[in-house]
Amino acid sequence: MMIDLAMLADRLAIEECLYRYAHLVDSMQFHRIAEEVFTEDGSIDFGSARSVGREAIHAQCMGYQGALMGCSHNITNVVTEVNGDEARAASRVMAWQWFDIPDADPLRPTDLLAVGGYEDRLRRTAEGWRIYERRGINFGTGIGAGSVPDPMRSIFLAMQGRTPGWPA
């Protein structure tokens, strides 16, 4: 069996891009997400929360600021397919979220465990692999624990019934 080192390097770089998104959200570095993860013409489709272009993605991500006390996005089961300078990736995510609620117990269990995944299309750029299309999916209700706060309900409802479209 021949190992294609270039293909292996691409797959690792693509996974790094997916993990970078999670790291930047979890470390509350929302201001870095659009530029370091997405292409200039990138898009996010999280049901009712949709953004096209880096400026819109930046605005969407900055909207998370102040809403979260902490979170942990655990990305697993990454499947990639590389075709030259473009690729697609499917991954699963469990996003543990603690909302910034005044006077709430800082040692409480999670406020929300979102269970779903991402379907991404990526492009090789001068800065490395970047996502140009991200589509969020839910499994079941998308809720593993906790309750969805009112401002996020439309996002979960809009992704309800979305199932993975790839890989077959």
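Residues numbered from 1 in each chain as written. Predicted model: local features only at pLDDT ≥ 70, side-chain atom pairs only at ≥ 80, totals over all residues. Heavy atoms only, no water.

(A) Layout of the sheet that holds strand β2 (residues 49-52). Strand order in this open sheet of six strands is β2-β1-β6-β5-β4-β3, and the pairing throughout is mixed. Two strands lie at the open edges of the sheet, namely β2 and β3 (68-83), each paired on one side alone. With direction set aside, neighbouring strand axes in the sheet form an average angle of 15 degrees. Bridge count for β3 against strand β4 (residues 86-99) is 13 bridges, and the pairing is antiparallel. Along β4, the bridge assignment pairs V79 with A90. The strands touched by helix α4 (residues 150-159) are β1 (43-46), β2, β4, β5 (112-125) and β6 (128-146); relative to β6, the strand with the most contacts, the crossing angle is about 95 degrees. (Pairing = 2+ DSSP bridges. Helix = DSSP H or I, 4+ residues; strand = E, 2+ residues; numbered from the N terminus. Axes fitted to C-alpha atoms, helices over the stretch in contact; angles between N-to-C directions. Contact = heavy atoms within 4.5 Å.)

(B) Quick peek at the packing of aromatic side chains. All told, the structure shown has four aromatic pairs when counted by the stated rule. With centroids separated by 5.9 Å and ring planes inclined at 80 degrees, the aromatic side chains of Y21 and Y118 adopt a geometry described as edge-to-face. Here Y21, found in helix α1 (residues 5-26), pairs with Y118, found in strand β5; they are 97 residues apart in sequence, far enough to count as distant. Judged by its relative accessible area of 3%, Y21 falls in the buried class. Take Y118: its relative accessible area is 6%, and that puts it in the buried class. (Phe/Tyr/Trp six-rings, centres within 6.5 Å; stacked < 30°, edge-to-face > 60°. Buried < 20%, exposed > 50% of the residue type's maximum accessible area, 1.4 Å probe, protein only.)

(C) Spatial organisation of the pairing of β1. What you see with β1 is no split at all: S43 and D45 on one side and I44 and F46 on the other are buried throughout. Pairing between β1 and β2: four bridges, direction antiparallel. What sits directly across from I44, in β2, is S51. Adjacent in sequence and paired antiparallel, β1 and β2 are bridged by two residues, among which G47 carries a positive phi angle near 75 degrees. One ladder, built from two bridges, connects β1 with β6; its direction is parallel. Residue pairing across strands places I44 opposite R134, the latter belonging to β6.

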